[in-house]
Amino acid sequence: MNNVKKLTSKRLFLPIFCMLLVMMVNIIADIAAGNFAFSFFTISIRNGVLYGRLIDVLNRGSEVAILAIGMTLVVSASAGTDISVGSVMSLSAAFCCMLLAGYGVSSTSDLQVPLLVGVLAGILMGGVCGCFNGFLVAGLNVQPMVATLILYSAARAIGLLLCNNLIVYIRNESFQFFGGYCGFIPTPIVIAAVCVAVTAVLLRKTALGLYIQSVGINKKASRIAGLNSSKIIFLCYAVCGICAGIAGIVAASRISSADSNNIGMSYEMDAILAVALGGNSLGGGKFSLAGTIIGAYTIQAITTTLLAVGVSTAQAPVFKAVIVLIIVAIQAPPFKAFVKQRSVKRTLAKGGAAR
Amino acid sequence: MKTKKKLNSNTLLLLITIVLFVVMYAAGCVMYSNKGFTHLQTFLNILINNAGLLCVACGMTCIMLTGGIDISVGSLIAMDCMFLVVGMESWKMNAVVLCILVLLIGLVFGAIQGFFIGYLQIQPFIVTMAGMFFGRGMTAVICSKQVSVSTNELFLKIANIKIKLPFGSYVNSKGIEQIPFIRVPVVVALVVLVVIFLMLRYTKFGRSLYAVGGNEQSAIMMGLDVKKTKLKAYMLSSFLCSIGGICYCLNTMSGSVQQALGLEMDAIASSVIGGTLLTGGVGNVIGSFFGVLINGTISSLVKTNGKLLSSWSNIAVAALLCFFIVLQSVFAKIKDSKK
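Residues numbered from 1 in each chain as written. Chains lettered and ligands numbered in written order. Predicted model: local features only at pLDDT ≥ 70, side-chain atom pairs only at ≥ 80, totals over all residues.

1. A word on the overall build of chain B
Along the backbone of chain B there are 14 helices and six strands. On C-alpha atoms alone, chain B measures out to a radius of gyration of 21 Å, which is about the 20 Å that the 2.2 N^0.38 rule sets for 339 residues. Expressed as lengths along the three principal axes of its C-alpha atoms, the size of chain B is roughly 65 × 50 × 40 Å. By the burial criterion, 50% of the 339 residues in chain B qualify as buried. Sequence-distant contacts, at least 24 apart, represent 77% of the contacts inside chain B between residues at least 6 apart. (Helix = DSSP H or I, 4+ residues; strand = E, 2+ residues; numbered from the N terminus. Rg over C-alpha atoms; globule rule 2.2 N^0.38 Å. Buried ≥ 20, exposed ≤ 12 C-beta atoms within 10 Å, placed from the backbone. Contact = placed C-beta atoms within 7 Å.)

2. Describing the overall build of chain A
Counting its secondary structure elements, chain A contains 16 helices and seven strands. What you see for chain A is a C-alpha radius of gyration of 22 Å, in line with the 20 Å of a compact globule of 355 residues. Here the C-alpha coordinates of chain A stretch approximately 85 × 60 × 35 Å along the principal axes. The proportion of buried residues among the 355 residues of chain A is 49%. Look at the contacts in chain A between residues 6 or more apart in sequence, and 77% of them connect residues 24 or more apart.

3. Observations concerning helix α7 (residues 144-162) of chain A
Residue and element names in this part refer to chain A. Over its 19 residues, α7 extends 26 Å from the first C-alpha to the last, a length consistent with the 27 Å expected when each residue adds 1.5 Å. Of all bends in α7, the biggest is about 30°, found at Ala154. The buried fraction of α7 amounts to 18 of the 19 residues, a majority that puts the element mostly inside the structure. Positive backbone phi, approximately 55°, marks Asn164, located one or two places after α7. (Expected span 1.5 Å × (residues − 1). Bend = angle between axes of the 7 residues up to and from the residue.)

4. Digging into the interface of chain A and chain B
Contact residues are listed per partner, giving 35 residues for chain A and 34 residues for chain B. Of all the secondary structure elements, the ones that give two or more residues to the side of chain A that touches chain B are α7, α15 (316-331) and α16 (333-354) of chain A. Of all the elements, α7 of chain A adds the most residues to the side of chain A that touches chain B, at eleven residues. Residue composition of the side of chain A that touches chain B, grouped by class: 27 nonpolar, seven polar and one charged. (Nonpolar A, V, L, I, M, F, W, Y, C, P; charged D, E, K, R; others polar.)

5. Details of the nonpolar core
Membership of the largest hydrophobic core comes to 212 residues, with the highest contact counts inside it found for Leu67, Ala68, Cys97, Cys236 and Cys243 of chain A together with Leu321 of chain B. Among the elements that make up this core, the one with the highest residue count is helix α12 (residues 229-254) of chain A (18 residues). Discounting residues that sit within four places of it in the chain, Cys243 of chain A has contacts with Ile66, Leu67, Ile69, Gly70 and Cys195 of chain A. (Core = buried A, V, L, I, M, F, W, Y, C linked by C-beta atoms within 7 Å.)

6. Quick word on the packing of helix α12 (residues 263-273) of chain B against helix α13 (residues 285-305) of chain B
Residues and elements named next belong to chain B. It is the contact of α12 with α13, at a shortest axis distance of 7 Å, that shows an interaxial angle of 120°. Classed by the angle they form, the pair α12 and α13 counts as oblique. In this structure, α12 meets α13 at a crossing whose hand is right-handed. Across from Asp266, Ala269, Ser270, Ser271 and Ile273 in α12, the residues of α13 making contact are Ser288, Gly291, Val292, Ile294 and Asn295. Of the residues assigned to the contact of α12 with α13, the class counts are four nonpolar, five polar and one charged. (Axes fitted to C-alpha atoms, helices over the stretch in contact; angles between N-to-C directions. Parallel < 35°, antiparallel > 145°, perpendicular 65-115°, else oblique. Left-handed = near helix turned anticlockwise from the far one by under 90°.)

7. Topic: the sheet that holds strand β7 (residues 257-258) of chain A
Residues and elements named next belong to chain A. On the basis of which strands lie adjacent, the open sheet formed by three strands has the order β3-β4-β7 and mixed pairing. Single-partner strands in this sheet number two, and they are β3 (107-108) and β7. Pairing of β3 with strand β4 (residues 168-170), which is carried by two bridges, proceeds in the parallel orientation. Looking at the pairing, Ser107 lines up with Tyr169 of β4. (Pairing = 2+ DSSP bridges.)

8. Comments concerning the environment of Phe37 of chain B
Residue and element names in this part refer to chain B. Tracing the backbone shows Phe37 in the loop between α1 (9-31) and α2 (40-49). Between the C-alpha atoms of Phe37 and Leu156, which are 119 residues apart in sequence, the distance is 29 Å. Leaving out residues up to four positions away in the same chain, Phe37 has contacts with Gly28, Cys29, Tyr32, Thr42 and Thr304.

9. Remarks on the environment of Cys241 of chain B
Residue and element names in this part refer to chain B. As for its position among the elements, Cys241 is in helix α11 (residues 226-252). A tally of 33 C-beta atoms within 10 Å means that Cys241 is categorised as buried. Note: C-alpha distance between Cys241 and Val56 (185 residues apart in sequence) is 4.8 Å.

10. Regarding unusual backbone geometry
Although it is not a glycine, Ser256 of chain A sits at a positive phi angle of roughly 40°. C-beta crowding within 10 Å serves as the criterion here: with 18 such atoms nearby, Ser256 of chain A is assigned to the partly exposed category. Unusually for a residue other than glycine, Ala260 of chain B sits at a positive phi of about 55°. Examined against the element boundaries, Ala260 of chain B turns out to sit in the loop between β6 (254-255) and α12.

11. Focus: the packing of helix α5 (residues 95-119) of chain B against α11 of chain B
Residue and element names in this part refer to chain B. α11 packs onto α5 with a crossing angle of 150° between their chain directions and a minimal axis gap of 7 Å. Taken together, the axes of α5 and α11 lie roughly antiparallel to each other. For the element pair α5 and α11, the recorded crossing hand is right-handed. Residue composition of the contact of α5 with α11, grouped by class: 17 nonpolar, nine polar and two charged.

Written as structure tokens, this is what we have:
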């Protein structure tokens, strides 16, 4: 009993438990469908690239993982969520493709500007959006969700304007690289890994991680202790915007086009879900980046599993919504208090019986 | 001695909204007078098109008074519409029974959300976001195709009723007299508006909404049941949203998964533009009414122009929302510095 308690109180218990649960479901589904029981885990090399469902999960989950890095920082520092990330993704993809193809061109194979300029401009666009959100939240003290609601609606529309309401196709191999393969590994996995590594090093080797947590736990106390709280919150939103920009480029490169209406649709939900699944409190404060990343891939695994079982993409949100509600309900203070009360009562009853 | 009523920042916000609407509409009249913008019917069309939004905005205002937010409204409307249409077309049910069922769904939906928010103290945004995805997903579960009402006579009859106004008629270029009209949803929406206005002003529940939003701690100390008030507020919002859904369905006569996408944004924007403070405690449905009108005027201006992309109306509303949010925070800062 005590061991179970110790295990469940570990920070990474929830994300790893969920991950294992999803894998179990996969194995059961495979057995039920008459496939090899561990076909979820088999990785092979076909046509010179890695192939397998696990690789697919890692590949498709990269955008959510990249978004979730920024989202973790935002949630931790400001106790709010940035719901504009999906729209910002589509805006930065549109901006990048507009630069590469030229305004009003719907399909092209040669690039108007160097690839690096376009990609960096796209990421920069994400950063600008993040700064805008950060200014509203940190500078003007607007509630994070409402502040980001502005770009949630506007960014996608601006993206459509930039593309002149077209889907801009870029049939160029150098652009397709970001969503394609780097050697035999899918590039999105590499990009996500680099993003995670850079953030982890920054948070570990500098005091930034500590600062963010302390601002999240108590903004006023941190300010009195000498931290510039609003600057740190601003920085978190800017990083979140940059992450959204990178994710947008990856998503655009994957389909080699800027489809403003569809890129990043409901990704904000997945990113927030990843943070919640990672065992981070949505009320701000302490965070664990590792948990978030596991959470992000768990979500992708859930999506892949749902699709494999035969649920349509439009219906999948129902399950995700239920999962979110269960997770936040478990983490809610009144629920925890209720469980504690019950366990205390039980031990009291046991003690009484022993006497 | 005369007691002069001082213009405080909240009434000022409302005043700005009303002036903005009048200016915007007047500009439209001047710019597009040849396209019929000056006729009374244009104004009534804005009302007809936004009747559903008006109901939703009333509910949203009540929620925002408590300091919360409800972004599930758009997908709840999609779910309601789909339920209504599929119920009428596939299950061949009575329209009245279906409407009552839809209202019940709204109440239950709101009760679940309210329970999570009030009693489990989870952030309203997260809960209603889950609600938003649940609603959108359930819409697809009910039916993933786009369906429309074609056989239910009662529903068609209600949707086609034209309530003609006794004034403002004019003769159009073909020499036919046009009598301005409104439809049933407008009447429903205006009734909702008046009822909510009276409720917020004169009932105990209405005042407790303000109290909870103004300062939750003091509300608890005053002896108000904050949890119950929040639960009731979210039930009210989802209920009004369901009424809005019926109005919406009477307008569009169809249901699809993509319906009312982003409506929550319009509703929130309307409330904020109408002077409802996001922090709670301050606001009025009359302001929200003008917010909805501004929203409708913008999209109607973009449509009348004909050359602009439809995304411009999205951007314009977002820009206005931004403007008002900044204005609110500036007012709040001035208030703080006075203290």
